[in-house]
Amino acid sequence: MVATTTPPREVAYTYTPAELNALISRELAGRLHELGMSLMSNAAFLLANDTVPAAAKRDRTRVYLDVAAQVRLLALAELDGIAGGAR
């Protein structure tokens, strides 16, 4: 049974530099992936928007998708760096 009246104990975590780098890299990769997905969503929204002229849509969509691909490649490289360091 859990004692609900006693204050919780504080727990201290100690990470090695490699573990800390892996945690940071995973967080960074996750945020880069989210950014890439957001850019892809923006491109889809732009394509679905009928008020934007077709010529502008094509160029802007290409830029959104290119930047999204580059950001997602950065995320993958960050994760590869973790896997490469663990070997």
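For the structure itself, look to the data block above.
Figured I'd write up the structure that's included with this text. (Residues numbered from 1 in each chain as written. Predicted model: local features only at pLDDT ≥ 70, side-chain atom pairs only at ≥ 80, totals over all residues. Heavy atoms only, no water.)

Our focus in this paragraph is the overall build of the protein. When you go through the protein residue by residue, the secondary structure sums to two helices and zero strands. Its C-alpha atoms give the protein a radius of gyration of 21 Å, clearly above 12 Å, the size a compact globule of 87 residues would have. On the principal axes, the C-alpha backbone points of the protein span a range of 65 × 40 × 15 Å. Every one of the 87 residues in the protein was classed for burial, and the buried ones make up 17%. Within the protein, contacts between residues separated by at least 24 positions form 65% of all contacts whose residues are at least 6 apart in sequence. Carbon together with sulfur atoms contributes 61% to the accessible area of the protein, which is approximately 7,200 Å² in total. One way to put it: in the protein the 9 positive side-chain charges average out to a point 6 Å from where the 9 negative ones average out. (Helix = DSSP H or I, 4+ residues; strand = E, 2+ residues; numbered from the N terminus. Rg over C-alpha atoms; globule rule 2.2 N^0.38 Å. Buried < 20%, exposed > 50% of the residue type's maximum accessible area, 1.4 Å probe, protein only. Contact = heavy atoms within 4.5 Å. Areas by Shrake-Rupley, 256 points an atom, 1.4 Å probe, with all protein chains shown as cover. Lys, Arg positive; Asp, Glu negative; His and termini not counted. Charge placed at Lys NZ, Arg CZ, Asp CG, Glu CD.)

Here the focus is the nonpolar core. General note: in soluble globular proteins, nonpolar side chains tend to be found buried as a group. If you look at the biggest cluster of nonpolar residues, it comprises six residues: Ala29, Leu32, Leu39, Ala68, Val71 and Ala75. Where this core is concerned, the elements lending two or more residues are helix H1 (17–48) and helix H2 (54–86). For leucine 32, the residues in contact, after removing those within four places along its chain, are Val71, Leu74 and Ala75. (Core = buried A, V, L, I, M, F, W, Y, C linked by side-chain atoms within 4.5 Å.)

So, about the environment of threonine 4. Checked against the element boundaries, threonine 4 lands in the segment before H1. For the pair threonine 4 and threonine 16, spaced twelve residues apart in sequence, the C-alpha to C-alpha distance is 33 Å.

With that out of the way, let us pick up the packing of aromatic side chains. Per the counting criterion, the structure on display carries one aromatic pair. Measuring from ring centre to ring centre gives 6.5 Å for tyrosine 13 and tyrosine 15, while their planes differ by 20°; the resulting arrangement is stacked. (Phe/Tyr/Trp six-rings, centres within 6.5 Å; stacked < 30°, edge-to-face > 60°.)

The values reported here are purely geometric and, on their own, carry no functional implication.
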